[in-house]
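# Notes for the structure review
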Amino acid sequence: MPYGSRLAATMTRRLGRECVYTPSARLALYLALRRWCRPGARVLMSPVNDDVILFVVLAAGCRPVQAPVSPWDGNIDPAAVPESTWREIDAVLTTNLYGVPDRVLELRRRCERLGIPLIEDAAHAIGSHVDGQPIGTFGTAAAFSLSKHVAAMAGGFLAVEDARTRRELERLRDDLLTPRRLRDDLDVTLRPLARSTVRTLRLVRPVWRTMQRLGLMERDGFRMDLHAPRLTTSARSAPSLTAYEPWVRVDLHGFRVRHGTLVRGQLGLRMARLEDDLARRRAGVALLSDTAWASTALSERAVHDGPLPLFRVPLLVRDRDTLLERMVDHGMVCGYVYDPPLDDYAGAEFVDPSPDPRAARWFASHVLPVDPLLARRTVSALTRDRATAVRPTFVPAPQEPNPTAPLGT
Ligand SMILES: Cc1ncc(COP(=O)(O)O)c(C=O)c1O
């Protein structure tokens, strides 16, 4: 039986697509990029994304092309992408940031017309859907992360369209896995337990502050150190996961480890609790969508289609950085802040900058990603701190003339 096939079968039943088990979503994305993009391919993506994903794209030997985004959710705004950019790209990579769906119908139509792959990053979006269809079933391939939704420290999937492609990708995956070490398996099994103990004992604040003081974090700010000269050197070996490993492994050093039955058994148990987890997320999203800090897009969606089981709820607030610090004082750490946008972070040597970076900058610096499982505590903390809601004020740049018919917008 292929490695991880029992977990993959569970995911296939959920999604209705063939799935390959991977130890992480980043490895799943790497596999997809290697399978569908030749070295040098230009990949359109949102600059409001985890820096790890930028390095995955670079490791695959591709050129990241930063898209204009919606100031409401940080996802690609297809209508704002210049025609000249559409003509030059070879693939689109979505984000589904915090679980809020990308504009996948428009992106899929574009990709079909151009004959290029649509790769869905569904790491944040395991229970999200568009018109009743699950995110992760619109594109050529989709990556999922168990580290996000069921609080595991490992696990992911690559969903693909047919069994033949699945088998091909299983072989590609097996070539990339590194051998298992008992220490890694114990680390992955015990860490989530340690994390929930810290939370239960209400020790989040002292533990977090101590880790900051001792320099135990892999990132000083929201972004890891770029190490530009080393990155330039690594580019000579691309495509190569090994050459980019110092960047790609951040936050998840076992991202390509062939974990044993201990870890996979634990993931199976956690997956069995997924529906319950998603139901609790929906309840938290419903509560947070009803606050002034939620964008209107979020609250209207919650009213019309019911709340999505988001990974994080993007609240839009003034003085976001101060509020992040205050949240730690309240015993809650809001991670997953992707500020500055990737083009400001990495520069033109490593990415094609967005033609209009304002929406990404605005969103990245105002979003407070809140865990819906902590919705009540968050609302009372933000109310006590008199958090103020904000809305984007700038006018988007005018579009260049579009020589082809608009795509359903
Ligand atoms: C948008 C996004 N995609 C993919 C990943 C990678 O997921 P994993 O940690 O399972 O590799 C992350 C990690 O945080 C992420 O934020």
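Under an unreviewed UniProt entry, the protein chain has the name DegT/DnrJ/EryC1/StrS family aminotransferase and belongs to Streptomyces fuscus. Recorded in UniProt under Sequence similarities (unreviewed entry), the annotation for the protein chain is "Belongs to the DegT/DnrJ/EryC1 family. L-glutamine:2-deoxy-scyllo-inosose/scyllo-inosose aminotransferase subfamily." According to the UniProt record, the Cofactor (unreviewed entry) comment for the protein chain is "pyridoxal 5'-phosphate".

## Notes on the domain arrangement of the protein chain
Taken domain by domain, the protein chain holds domain 1 (1-273) and domain 2 (274-384). Just the C-alpha atoms count here: the centres of domain 1 and domain 2 sit 19 Å apart. Taken together, the contacts link 55 residues of domain 1 with 52 residues of domain 2. Between domain 1 and domain 2, the buried area comes to about 4,600 Å², and carbon and sulfur atoms account for 64% of it. Counting across the domain 1 and domain 2 interface gives 3 salt bridges. Among the salt bridges present, the one from Arg14 reaches Glu275, with a minimum N-O distance of 2.4 Å. If you look at where domain 1 meets domain 2, you find 20 residue pairs in polar contact (both at pLDDT 80 or more). Looking at the side of domain 1 that touches domain 2 residue by residue, the class counts come to 29 nonpolar, 12 polar and 14 charged.

## Concerning the site of the ligand
Looking at the ligand, there are 15 residues lining it, with Arg26, Asp121, His124, Ser145 and Tyr338 nearest. Measuring from an oxygen atom of the ligand, one finds a backbone N or O atom of Ala25 at 3.0 Å. Here a nitrogen atom of the ligand and a side-chain polar atom of Asp121 are 2.6 Å apart. Contact with the protein chains removes 97% of the 390 Å² of surface that the ligand exposes when unbound. Of all elements in the fold, only helix H2 (25-36) and helix H6 (146-149) reach the threshold of two or more residues within the shell around the ligand. Class assignment of the residues belonging to the shell around the ligand gives a composition of 6 nonpolar, 5 polar and 4 charged.

## Some remarks on the packing of aromatic side chains
All chains considered together, the criterion is met by 7 aromatic pairs. Measuring from ring centre to ring centre gives 6.0 Å for Tyr244 and Trp247, while their planes differ by 50 degrees; the resulting arrangement is tilted. Taking relative accessible area as the criterion, Trp247 reaches 2% and is therefore assigned buried. An aromatic cluster is defined as three or more aromatic residues linked by ring pairs; in this entry it consists of Phe55, Tyr244, Trp247 and Tyr345. A cation over an aromatic ring shows up here: Arg258 above the ring of Tyr3, its NZ or CZ 4.5 Å from the ring centre. The ring of Phe311 has Arg312 lying over it, and the distance from NZ or CZ to the ring centre is 4.3 Å.

## Looking at the sheet that holds strand S4 (residues 91-93)
The strand order S1-S9-S8-S5-S4-S2-S3 describes an open sheet built from 7 strands, whose pairing is mixed. Edge positions in the open sheet fall to strand S1 (18-22) and strand S3 (63-66), since each of these has one partner strand only. Averaged over all pairs of adjacent strands, the angle between their axes in this sheet comes to 25 degrees, without regard to strand direction. Sheet strands in contact with helix H5 (residues 104-114) are S4 and strand S5 (118-121), and its direction is about 155 degrees off that of S5. Sheet strands in contact with helix H7 (residues 163-176) are S1 and strand S9 (156-160), and its direction is about 10 degrees off that of S1.

## Section: the pairing of strand S2 (residues 42-45)
Pairing geometry for S2 and S3, over 4 bridges, is parallel. Counted as the bridge partner of Met45 is Gln66 from S3.

## Let's talk about the pattern of salt bridges
Considering all chains together, one arrives at 23 salt bridges under this definition. Linking Arg166 and Glu18 is a salt bridge whose minimum nitrogen-to-oxygen distance equals 2.5 Å. Here Glu18 lies in strand S1 and Arg166 lies in helix H7, a separation of 148 residues in the sequence. Classification of Arg166 as buried rests on a relative accessible area of 17%. The partner of Arg312 in a salt bridge is Asp371, and the shortest N-O contact between them spans 3.8 Å. Taken as a pair, Arg312 in the loop between helix H14 (296-305) and strand S10 (313-316) and Asp371 in the loop between strand S11 (367-370) and helix H18 (375-384) lie far apart in primary sequence, 59 residues in all. Overall, Asp371 belongs to the buried group, its relative accessible area being 17%.

## As for the state of the cysteines
Counted under the stated rule, the structure contains 0 disulfides. With no disulfide of its own, Cys111 lies 10 Å from the sulfur of Cys37, the closest cysteine sulfur. Cys111 gets classed as buried once you look at its relative accessible area, which sits at 2%.

## Points about unusual backbone geometry
Here the amide bond leading from Ala238 into Pro239 is cis, since omega sits at 0 degrees, within 30 degrees of zero. Turning to its location among the elements, Pro239 is positioned in the loop between helix H10 (228-235) and helix H11 (245-248). For the bond running from Asp339 to Pro340, omega is 5 degrees, close enough to zero to count as cis. Mapped onto the fold, Pro340 is located in the loop between helix H15 (320-329) and helix H16 (342-346). Positive phi values are uncommon outside glycine, yet Asp251 reaches one of about 75 degrees. Look at Asp319: it is not a glycine, yet its phi comes out positive at around 50 degrees. Turning to its location among the elements, Asp319 is positioned in the loop between S10 and H15.

Definitions and cut-offs
- Residues numbered from 1 in each chain as written.
- Predicted model: local features only at pLDDT ≥ 70, side-chain atom pairs only at ≥ 80, totals over all residues.
- Heavy atoms only, no water.
- UniProt positions renumbered as here; feature names shortened; annotations may be inferred.
- Domains from an automatic or database assignment.
- Contact = heavy atoms within 4.5 Å.
- Buried area = accessible area lost by both parts, 1.4 Å probe.
- Salt bridge = Lys/Arg side-chain N within 4 Å of Asp/Glu carboxyl O.
- Polar contact = N/O pair within 3.5 Å; in protein donor to acceptor, adjacent residues only side chain to side chain.
- Nonpolar A, V, L, I, M, F, W, Y, C, P; charged D, E, K, R; others polar.
- Near = heavy atom within 4 Å.
- Areas by Shrake-Rupley, 256 points an atom, 1.4 Å probe, with all protein chains shown as cover.
- Helix = DSSP H or I, 4+ residues; strand = E, 2+ residues; numbered from the N terminus.
- Phe/Tyr/Trp six-rings, centres within 6.5 Å; stacked < 30°, edge-to-face > 60°.
- Buried < 20%, exposed > 50% of the residue type's maximum accessible area, 1.4 Å probe, protein only.
- Lys NZ or Arg CZ within 6 Å of the ring centre and 35° of its normal.
- Pairing = 2+ DSSP bridges.
- Axes fitted to C-alpha atoms, helices over the stretch in contact; angles between N-to-C directions.
- Disulfide = S-S within 2.5 Å.

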